[in-house]
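Structural features, examined
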Amino acid sequence: MNNDLILVAGGGGFIGGHLIADLRRRGFTNIRSVDIKPTDQWYQRFDGGENIVADLTDKQCCDRACDGAREVYNLAADMGGMGFIENNKALCMLSVLVNTHLLQASVDAGVDRYFYASSACVYNADKQMSEDVVALKEEDAYPAMPEDGYGWEKLFAERMCRHFREDFGINTRVARFHNVYGPHGTWEGGREKAPAAIARKVINAWSTNDHHIDIWGDGRQTRSFMYIDDCVKGIDMIMHSNIEEPINLGSNELVTINGLVDMVEEIIGIKLKRSHNLDAPKGVNGRNSDNTLIQKLLGWQPSITLRAGMEETVDWIRGEYMALYGSEPTNDASDLSRVLPHAS
Ligand code: NAD
């Protein structure tokens, strides 16, 4: 029902913000958004609903957040791109407290449906050794050897969702997101992911006339990236399906990191000299989403092309960058006063 109370945990974050925007577009009026960040740091904030700042690792905060809710979307996690998760394994694992307490609070509050945002980082590393990937099927998570720290937490949390469903009867739904990107997300500061980081670097090179880019790894690593609109649509479809086991939610359009740089260069209209930082965190060599199961069960899979999604994303990041630091290129290559330290 459109006036059922819906809790979005992590509503100040990238995916949470877009989910709330979508729920509102579809006529839902009773949305409680909870995030640990001060509201002025939320990527999107909406009037008319509840916007609450609280730490959801705390059980009492979860009890208050879930009170009266019919559906809970758990999108709250301390996370970021490879640069963050490889260097903050313990912090990533502490997000287990959010899922644990939210699940308990949801059962206590009689919540009907509970969505958990898992990740392709749960997949066994041995299946991701080559750039020449075989796309990952849901069963490839076991035997378990996920991404250290972040991936183990996700796999454990998936398992909790299963057992809370079996033992306490709450309808849990779990999607394994593969690299989500789009506007209104992190694009600088150390938690950003490859699409946003590359967009920012190319924009910085364009704005400062320093036509050079530093790429993490040799650039031959392969990935797929899902545009946020597909992600939000998939969340809704999975949440309201009868799919009880974790399922892939990702694009299967494979690209190398070098190919992604080519694309952003084309969008901006620039060609950069590249250097490859082989010591930087780069994650697995190859990863793609096998969408056989989602196609079979939902008759749908993410389909927005990388090019279309990146055009929107680059446009938004360029606007943010310009508002903060930039100006149009001066065409004066000696003007390095605007080469910014954050943009390395
Ligand atoms: P995000 O960092 O933009 O959003 C997460 C939000 O959770 C942040 O706003 C953060 O402040 C909040 N949060 C963290 N700890 C909290 C706490 N203790 N209490 C309350 N709020 C807390 O990240 P996102 O990209 O929107 O990711 C949402 C979910 O999707 C996460 O669980 C993430 O692991 C998962 N995921 C994302 C991607 C991706 O590519 N973005 C890929 C796989 C999985």
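In this text, all values refer to a predicted model and were calculated from it rather than measured experimentally.

How each quantity is defined
- Residues numbered from 1 in each chain as written.
- Predicted model: local features only at pLDDT ≥ 70, side-chain atom pairs only at ≥ 80, totals over all residues.
- Heavy atoms only, no water.
- Near = heavy atom within 4 Å.
- Polar contact = N/O pair within 3.5 Å; in protein donor to acceptor, adjacent residues only side chain to side chain.
- Areas by Shrake-Rupley, 256 points an atom, 1.4 Å probe, with all protein chains shown as cover.
- Helix = DSSP H or I, 4+ residues; strand = E, 2+ residues; numbered from the N terminus.
- Nonpolar A, V, L, I, M, F, W, Y, C, P; charged D, E, K, R; others polar.
- Axes fitted to C-alpha atoms, helices over the stretch in contact; angles between N-to-C directions.
- Parallel < 35°, antiparallel > 145°, perpendicular 65-115°, else oblique.
- Left-handed = near helix turned anticlockwise from the far one by under 90°.
- Contact = heavy atoms within 4.5 Å.
- Core = buried A, V, L, I, M, F, W, Y, C linked by side-chain atoms within 4.5 Å.
- Buried < 20%, exposed > 50% of the residue type's maximum accessible area, 1.4 Å probe, protein only.
- Domains from an automatic or database assignment.
- Pairing = 2+ DSSP bridges.
- 1 Å grid on protein atoms, 1.4 Å probe; cavity = no way out; pocket = protein on both sides within 12 Å on 5 of 7 lines; lining within 4 Å.
- Points joined across faces, edges and corners; volume = space filled by probe spheres on them.
- Buried area = accessible area lost by both parts, 1.4 Å probe.

This part is about the site of the ligand. Not every one of the 28 residues close to the ligand is listed here, only the nearest: Phe14, Ile15, Asp35, Tyr150 and Val180. Taking valine 180, its main chain carries an N or O atom lying 2.7 Å from an oxygen atom of the ligand. Between the ligand and lysine 193 there is a distance of 3.0 Å, counted from an oxygen atom to a side-chain nitrogen or oxygen. Within the complex, the protein chains bury 93% of what would otherwise be the 820 Å² of accessible surface of the ligand. Counting residues per element, the ones that place at least two in the shell around the ligand are helix 1 (14-25), strand 5 (113-119) and helix 6 (150-168). For the shell around the ligand, the leading source of residues is strand 5, giving 3 residues. The class makeup of the residues in the shell around the ligand is 15 nonpolar, 7 polar and 6 charged.

Right, let's talk about the packing of helix 9 (residues 257-268) against helix 11 (residues 306-324) for a bit. Contact geometry of helix 9 with helix 11 gives a least axis separation of 10 Å together with a crossing angle of 60°. Taken together, the axes of helix 9 and helix 11 are oblique relative to one another. Helix-helix and strand crossings are classified by hand; for helix 9 and helix 11 the assignment is right-handed. Between helix 9 and helix 11, the residues in contact are Leu260, Met263, Val264, Glu266, Ile267 and Ile268 and Leu306, Arg307, Met310, Glu311, Val314 and Arg318, respectively. When its residues are assigned to classes, the contact of helix 9 with helix 11 shows 8 nonpolar, no polar and 4 charged.

We now examine the nonpolar core. Counting residues in each nonpolar core, the largest one holds 60 residues, and the members touching the most others are Val8, Ile15, Phe115, Phe177, Ile235, Leu249 and Met310. Two domains share this core, each providing at least three of its residues, namely domain 1 (5-181 + 226-249) and domain 2 (194-223 + 253-325). The contact partners of phenylalanine 177, leaving out residues within four places of it in the chain, are Ile15, Leu75, Phe115, Ala117, Ser118, Ser119, Ala120, Cys231, Ile235 and Leu249. With 26 residues, the next largest nonpolar core counts Leu7, Ala9, Leu102 and Tyr114 among its residues.

To continue, consider the sheet that holds strand 3 (residues 50-53). The sheet built from 7 strands is open, its strands ordered 3-2-1-4-5-6-11 with parallel pairing. Each having just a single partner strand, strand 3 and strand 11 (247-249) make up the two edges of the open sheet. Looking at each pair of strands side by side, their axes are set apart by 20° on average, direction ignored. Looking at chain direction, strand 1 (residues 6-9) and strand 4 (residues 71-74) are connected through 4 bridges and run parallel. Note that in strand 4 the partner of alanine 9 across the bridge is asparagine 74. Across the sheet, helix 2 (residues 59-66) lies against strand 1, strand 2 (31-35) and strand 4, angled at about 165° from strand 2, the strand it touches most. Packing against the sheet, helix 8 (residues 228-239) makes contact with strand 4, strand 5, strand 6 (171-177) and strand 11, and its axis sits at approximately 155° to strand 11.

It is worth spelling out empty space enclosed by the protein at this point. Per the stated rule, a full pass over the model turns up 2 cavities of 30 Å³ or more. One number sums up the size of the largest cavity: a volume of about 60 Å³. In this structure, the largest cavity is lined by Gly11, Ile20, Arg24, Ile31, Ser33, Trp42, Gln44, Arg45, Phe46, Gly49, Glu50 and Asn51. Of all elements in the fold, only helix 1, strand 2 and strand 3 reach the threshold of two or more residues within the lining of the largest cavity. In terms of residue class, the lining of the largest cavity is made up of 4 nonpolar, 5 polar and 3 charged. Its volume calculated, the second largest cavity comes out at about 40 Å³. The wall of the second largest cavity is formed by Glu158, Cys161, Arg162, Arg165, Thr172, Val174, Glu244, Glu245 and Pro246. Going through the elements one at a time, helix 6 and strand 6 are the ones with two or more residues in the lining of the second largest cavity. The element that contributes the greatest number of residues to the lining of the second largest cavity is helix 6, accounting for 4 residues. In terms of residue class, the lining of the second largest cavity is built from 3 nonpolar, 1 polar and 5 charged.

Our focus in this paragraph is the domain arrangement of the chain. According to the domain assignment, the chain consists of domain 1 (5-181 + 226-249) and domain 2 (194-223 + 253-325). If you average the C-alpha positions of domain 1 and of domain 2, the two centres end up 24 Å apart. Taken together, the contacts link 31 residues of domain 1 with 33 residues of domain 2. Both sides together, the interface formed by domain 1 and domain 2 hides about 2700 Å², and carbon and sulfur atoms give 64% of it. Summed over the three residues of domain 1 that lose the most area to domain 2, namely Glu131, Tyr181 and Asp230, the buried surface amounts to 24% of that side.

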